Amino acid sequence: MNKRQIKKALVSVYHKDKLDIIIKKLYEEGVEFISTGGTQSFIESLQIPCQAVEDLTGYPSILGGRVKTLHPKIFGGILSRRDFESDQEHMASFEIPEIDLVIVDLYPFEATVAAGAEEADIIEKIDIGGISLIRAAAKNYKDVVIIASQHQYEPLLNVLSESGAETTLDERRWFATQAFGVSSAYDAAIFNYFDKEDESSFRYAENESKILRYGENPHQKGIFFGKFDDMFEQLQGKEISYNNLLDIDAAVNLINDFEDITFAILKHNNACGIASRPVLTDAWKDALAGDPISAFGGVLVTNAVIDKATADEINKLFFEVIIAPDYDLDALEVLTQKKNRIILILKDSRMRKRQFRSLLNGVLMQDKDLKIETEENLNLVTVKAPTDQEVEDLLFANKIVKHTKSNAIVLAKDKQLLASGVGQTSRVDALEHAIAKAAQFGFDLNGSVMASDAFFPFPDCVGIAAKAGVTAVIQPGGSIKDQDSIDSCNNDGLAMVTTGFRHFKH
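Note that this is a predicted model, so its numbers are computed, not measured.

### Some remarks on the packing of aromatic side chains
Alright, step 1. Evaluation of the coordinates by the stated rule reveals 12 aromatic pairs.
Alright, step 2. Residues F202 and F356 carry aromatic rings whose centres are separated by 5.0 Å and whose planes lie at 75° to one another, so their mutual orientation is edge-to-face. On the criterion of sequence distance, the pair formed by F202 in the loop between α10 (169-195) and β8 (209-211) and F356 in strand β16 (residues 354-359) is long-range, its members being 154 residues apart.
Alright, step 3. Under the relative-accessibility criterion, F202 is labelled partly exposed at 35%.
Alright, step 4. Overall, F356 belongs to the partly exposed group, its relative accessible area being 35%.
Alright, step 5. Here F263 and W284 contribute two aromatic rings whose centre-to-centre distance is 5.1 Å and whose plane-to-plane angle is 65°, an arrangement assigned as edge-to-face.

Listed below in structure tokens is the structure:
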């Protein structure tokens with residue numbers, strides 16, 4: 001077990017929330033304290049004695065506080081190996097006290113950067129003493145306990161409650177692991193600030209993790225690294241799965257592109273139904289009509305507060321997850337009737353602007369596709385121009401196709417998804433799949449619009465679309481054979497606009 005008794009603690013923290021509980025508990029166990037500045041004053045305000053670092057080292061805090069704890073009497077006390085005779089001889093010779101516990105946190109570097117501070121202020125938030133204390137104590141975990149952030153306060157309290165001021169080697173190693181996680185994330189944030197757009201190396205860190213039931217399939221291990229609770233409040237439901245998280249991510253990315261009252265239903269990261277309406281209940285009904293079969297077991301998302309009338313309609317469907325900015329109380333009474341439903345409030349829809357994925361023996365990173373086309377982006381390339389209603393539908397369809405797996409075709413009318421062709425190996429297959437689905441659910445494609453995630457290399461798609469009743473087309477353009485598709489549209493009386501922006505999604 002290799003137990004060690006905590007007799008002396010060095011405490012130097014920036015945030016003092018809940019610190020009083022820790023200090024009082026340690027003091028009850030007979031632990032003595034060493035500290036600096038504000039932390040020393042805080043401990044003494046609890047009527048607990050505390051030795052000043054300056055009194056131990058014989059040196060005051062210098063260089064505007066840049067140097068406080070960087071001294072052999074501090075680091076010797078942390079790094080000394082209790083079972084090394086030579087270390088103990090040095091400790092005695094230089095009158096260095098052993099330090100058994102280090103409680104420290106780091107200057108808020110990331111928060112300072114996020115606040116838009118001047119570079120001089122940002123540089124001063126690069127912690128030197130704190131990060132050195134963390135590394136020293138974690139390195140010597142065989143003898144020393146390191147608490148590197150407030151997230152470890154509760155585990156420390158659990159140890160103190162169960163065993164007093166005595167720790168096992170396994171416990172100290174666990175705290176050291178957490179500490180190296182804190183220090184590595186901190187260094188990654190500093191590196192990324194300095195590296196900026198150079199992208200010379202890949203550094204990314206998340207300090208919070210959640211073990212999932214499994215990964216994409218039951219035989220795969222799954223872990224989510226991140227702060228899910230910062231974005232969502234889960235009101236009820238079962239534990240969120242790996243696949244739920246993928247769909248939730250897709251749902252939030254999709255709904256973020258819409259300003260009108262909109263309801264969407266997703267299955268396997270793609271929208272199987274979506275509609276924008278002045279009344280939320282109508283948006284739900286028309287979204288469901290897009291594909292009531294695929295909607296079963298889907299993920300639902302809206303950008304409006306869910307009322308009881310809408311909840312009554314939603315309640316008729318089996319679904320996995322529902323996401324909304326809020327819910328009326330009587331709506332929740334309806335939706336919570338089935339306890340396994342995951343009901344989420346989207347508190348913060350801001351997403352990272354970078355995406356990355358592991359592949360081969362490395363990591364692929366890119367800027368997120370944040371482009372949302374507006375009417376100003378539409379370049380008319382045909383004789384016939386789209387009507388005002390068609391323009392609205394084209395922009396609506398283009399938002400959907402942007403979030404649909406390639407090759408993708410979307411057919412829409414009156415701000416309702418009629419059908420889509422998803423993840424096909426040819427664009428013709430995607431279109432024919434969409435036309436077949438629209439027919440299956442009784443949609444009249446006459447007067448509908450078509451959106452494509454990429455250009456048409458041949459005129460076949462626009463010809464097929466015209467025969468199906470499509471009257472306007474939106475696509476990126478850029479093919480060397482663009483004119484062939486344009487000529488086909490002109491021959492069939494279709495309007496076509498290009499945007500200059502491709503939206504592949506793989």
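On we go.
### Quick look at the sheet that holds strand β2 (residues 8-12)
Alright, step 1. Pairing in this open sheet of 5 strands is parallel, and the strands run β4-β3-β2-β5-β6 from one edge to the other. Two strands bound the open sheet, and with one partner strand each, they are β4 (51-52) and β6 (145-147).
Alright, step 2. Pairing analysis gives 4 bridges linking β2 to strand β3 (residues 32-35), with the strands arranged parallel. By the bridge assignment, K8 is partnered in β3 with E32.
Alright, step 3. Sheet strands in contact with helix α1 (residues 19-28) are β2, β3 and β5 (101-104), and its direction is about 165° off that of β5.

### So, the pairing of strand β13 (residues 298-302)
Alright, step 1. The element β13 is extensively covered by neighbouring structure, given that 5 of its 5 residues are classed as buried.
Alright, step 2. Where burial is concerned, the two faces of β13 agree: the one with G298, L300 and T302 and the one with V299 and V301 are both buried.
Alright, step 3. Across 4 bridges, the pairing between strand β11 (residues 262-267) and β13 is antiparallel. In the sheet register, F263 faces β13, and the bridge partner there is T302.
Alright, step 4. Between β13 and its parallel partner strand β14 (residues 319-324), the chain crosses via helix α14 (residues 308-314), and the hand of that crossover is right-handed.

### What about the packing of helix α17 (residues 427-440) against helix α18 (residues 460-468)?
Alright, step 1. In the contact formed by α17 and α18, the axes pass within 9 Å of each other and the chain directions differ by 10°. On the basis of their axis angle, the class for α17 and α18 is roughly parallel. Here R427, V428, L431, E432 and I435 of α17 lie close against α18, whose contacting residues are D460, C461, I464, A465 and A468.
Alright, step 2. Considered class by class, the residues forming the contact of α17 with α18 number 7 nonpolar, no polar and 3 charged.

Calculation criteria
Residues numbered from 1 in each chain as written. Predicted model: local features only at pLDDT ≥ 70, side-chain atom pairs only at ≥ 80, totals over all residues. Heavy atoms only, no water. Phe/Tyr/Trp six-rings, centres within 6.5 Å; stacked < 30°, edge-to-face > 60°. Helix = DSSP H or I, 4+ residues; strand = E, 2+ residues; numbered from the N terminus. Buried < 20%, exposed > 50% of the residue type's maximum accessible area, 1.4 Å probe, protein only. Pairing = 2+ DSSP bridges. Contact = heavy atoms within 4.5 Å. Axes fitted to C-alpha atoms, helices over the stretch in contact; angles between N-to-C directions. Right-handed = clockwise from strand over helix to strand, strands pointing away. Parallel < 35°, antiparallel > 145°, perpendicular 65-115°, else oblique. Nonpolar A, V, L, I, M, F, W, Y, C, P; charged D, E, K, R; others polar.

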